Amino acid sequence: MSGLEVNGLNKSFGGLTVCKDVTFELGPGDRKALIGPNGAGKTTLANLITGIAPPSSGTIRLDGRDLRGLREPQRVRAGIAKTFQITTLFKRLTVRENIRLGVSERKRQGLKLLRRADGDRATEAEVAELMHQFRLTRHADTTVENLAYGQQRLIEMALTLALHPRILILDEPAAGVPTSENHLIVEAIERLPKDLAVLIIEHDMQLVFKVARSIIVLVNGAILTEGTPREISRDRQVRDLYLGAGHG
Amino acid sequence: MSPNPRRLVPDLVILAAAVGLFFVFPYDLAFLTRILIMVVFVLSLDLVLGYAGIATLGHAAMYGTGAYAAGLFAIHVSADPLLGLAAGAVAGAAIAAVSGLIMMRAHGLTLLMLSIAVAQVLQEVANKARPVTGGADGLRGIRMEPVLGIWEFDFIGRTGYWYAFTVMALVLVMLKVVVASPFGLSARGIHESPARMRAIGTPVYARLVAIYTLAGGIAGVAGALAAQVTSLVSLEVYSFEHSAEAVIMLVLGGTGRLYGAVLGVALFMTVEHLAAAVDPFNWLFIIGALVLGVVFFVPAGLMGVPGALARLGRGR
């Protein structure tokens, strides 16, 4: 299969199991959301997929290739990229420099010593295109620390997209963003390349139901159910989970 | 991108200062040469600490190794200054690469302790290897051939001064190129967020070792220069004070700016020179007060003064 296959994934810390037999697939063009209450293991699962933490057992395959043993940077180069739940950017660099860094590292130019970082026309054109796509052009030369949080979340996405991933994991893209700026995130997700496989981890159900075409519900590290937004919204177990048992 | 002529202003000021000082203080050239050598050393520290954020108090490890390598090279292989510089650079880079393989896995206080330990171990090795290094008596008998076969090292230090200035200028230009390159950008990225760099596919550990190795080569050049100009290498080249003073000079001038290294060294060594002449017993008090003043009032160092004044002018 092309895309991501997660099969029987488990992760334990001593006696505490935080990921239990998780199995799902994410193909090109998918828009899948991963939801669940706090502590369900959503970010842990994302960390296992991206190689930040190793699983206790189970396999992760990308286009049929077993990713076991690959560290985070190698998985990024294989095509899996993730945005951070808490904005993690190069705050004293400008927006342009942040995105340039992503493009430059993807092109493996990071060891080039004798030419200017801003001297590659193809890189600069790509940086300009990404800034345009995420409505960041007018902030191009502003240092990131001086921008509003909503814009920083957009830079997170632009920087991650600069890596040309085939699997994009958005870890709570709207976390900390004022409700009035949520539409910026939704628009940005809608403008992502159509063939990109996207896994969205999010608490904001309105956002999830706007952008996801299928939803996985994770509880205590295990998949409770998976289905379309319509199926999930009608699922009694999920309603019990979010609204409390016996809500009527 | 078209080059901006204004970017050359600081370089022209440095050149003009070098020429002016040469004529105004013709009998202080040894001191001025020490400043130039220290600038090379602190520039290499700026790449490590200011750009990549690698905390170190043992940068003298590479300086000292470069000094001993250049001294031994001059005694046993060739007295050509440029070949000696190359030997110092290779030795400095080699020790940085080897120690960097261990050190770059550590962070924070552990890294600081390791950096100090490496320099102390090397100092003790040099001390014990007395037949080779001269031990506590220092490495003597270094005689240099004329630079490029033309300019002989003279008693007053004219050749040494211009030789050190030329090397300093070349290192400065090279580092300006490096910090503006994708490599330099990645160093700044690692300084800002190693986690994010890993998340964009950068092998952070390998990149840190590369940065440390390059800086080690430059520190080795500084050590080699010192050995060639003074014709002596003592155990002090590895001293903790040498590493610590370099950090203070960089903080005074401003980290991550390159020119901060130039300013910091010039200010620190001039104040030290004058204060020690005025009051040989309490000059450290003046240095301490200077550092406190800069850290409290201009945390970004001397390079941050224009920005601080501008903010003051705007009433912020």
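Just above, that's the structure.
Just so it is clear, the model here is predicted, and its values are computed rather than measured.

Here is what the cut-offs are and how they apply
Numbering of residues starts from 1 in every chain and runs along the sequence as written. Labels are handed out in written order, letters beginning with A for the chains and numbers beginning with 1 for the ligands. Two thresholds apply to this predicted model, a pLDDT of at least 70 for residue-level local features and 80 or more for giving and counting side-chain atom pairs, whereas whole-chain, interface and lining totals are computed over all residues. Working from all heavy atoms in the structure, the side-chain values ignore hydrogens and water. Note on conventions: DSSP H or I runs of at least 4 residues are helices, E runs of at least 2 residues are strands, and numbering of each starts at the N terminus. C-alpha atoms define the radius of gyration in this analysis, and the globule rule sets the expected value at 2.2 Å times the number of residues to the power 0.38. Think of it in three bands: with a 1.4 Å probe and only protein chains considered, a residue is buried below 20% of the maximum accessible area for its type, exposed above 50%, and partly exposed in between. All tallies of charge rest on Lys and Arg as positive and Asp and Glu as negative; His and the ends of each chain are not included. To locate a charge, the coordinates of NZ of Lys, CZ of Arg, CG of Asp or CD of Glu are taken. Strands pair, by our definition, only if DSSP identifies at least two bridges between them. Every axis corresponds to a line fitted to the C-alpha atoms, with the helix fit spanning only the stretch in contact, and the corresponding angles, defined between N-to-C directions, vary from 0 to 180 degrees. Here, two residues are considered to be in contact whenever any of their heavy atoms come within 4.5 Å of each other. Here, nonpolar core refers to any group of buried Ala, Val, Leu, Ile, Met, Phe, Trp, Tyr and Cys residues whose side-chain atoms link them within 4.5 Å.

Colleague: What is the right way to read the overall build of chain A from this model?
Modeller: On a plain count of helices and strands, chain A comes out with nine helices and 10 strands. Its C-alpha radius of gyration of 19 Å places chain A within 12% of the 18 Å reference for a compact globule of 248 residues. By its C-alpha atoms, chain A is 60 × 40 × 30 Å across when sized along the principal axes. The burial tally for chain A puts 54% of its 248 residues in the buried class. Distance between charge centres in chain A, computed from 35 positive and 29 negative side chains, equals 3 Å.

Colleague: Help me understand the pairing of strand β9 (residues 214–219) of chain A in this model?
Modeller: For a regular strand, the rule is simple: side chains alternate between the two faces of the sheet. Residues and elements named next belong to chain A. Summarising burial for β9: six of the six residues are buried, a large majority. Burial along β9 is two-sided: S214, I216 and L218 facing one way and I215, V217 and V219 facing the other are all buried. Bridge analysis of strand β3 (residues 31–35) against β9 gives four bridges, and the strand direction is parallel. Along β9, the bridge assignment pairs I35 with V217. Here β9 folds back onto strand β10 (residues 222–227), and the loop between the two strands holds two residues, one of which, N220, carries a positive phi near 50°.

Colleague: What is the right way to look at the sheet that holds strand β6 (residues 80–83) of chain A in this model?
Modeller: Adjacent strands of a sheet pair through backbone hydrogen bonds, lying either parallel or antiparallel. Residues and elements named next belong to chain A. In space, the six strands of this open sheet follow the order β6-β7-β8-β3-β9-β10, with mixed pairing throughout. What marks the edges here is a single partner per strand, and that holds for β6 and β10. With strand direction ignored, the average angle separating the axes of adjacent strands in the sheet is 20°. Strand direction decides the pairing type here: β6 and strand β7 (residues 167–171), joined by four bridges, are parallel. Within β7, the position partnered with I80 by the bridge is I167. The sheet contacts of helix α1 (residues 42–50) involve β3, β6, β7, β8 (197–201) and β9, and relative to β6 the element is tilted by about 145°. Relative to the sheet, helix α5 (residues 149–161) contacts β6 and β7, its axis offset from that of β6 by approximately 170°.

Colleague: Would you explain the nonpolar core in this entry?
Modeller: Most often, soluble globular proteins have nonpolar side chains that are buried together. In terms of nonpolar packing, the biggest core is built from 135 residues, with I99(A), F134(A), L136(A), I189(A), L192(A) and I54(B) touching the most fellow members. The leading source of residues in this core is helix α2 (residues 29–51) of chain B, at 17 residues. Setting aside chain neighbours within four positions, we find I189(A) in contact with R31(A), M157(A), L170(A), P173(A), I200(A), L207(A) and V211(A). Of all hydrophobic cores here, the second largest spans 26 residues; its members include L4(A), L48(A), A78(A) and L218(A).

Colleague: Would you mind showing me how to read the sheet that holds strand β1 (residues 4–13) of chain A here?
Modeller: Spatially, the four strands line up as an open sheet ordered β2-β1-β4-β5 (chain A), and their pairing is antiparallel. Because the sheet does not close on itself, it has two edges, and the strands there are β2 (16–26) and β5 (65–66) of chain A.

Interpretation in functional terms is not warranted from these geometric data alone.
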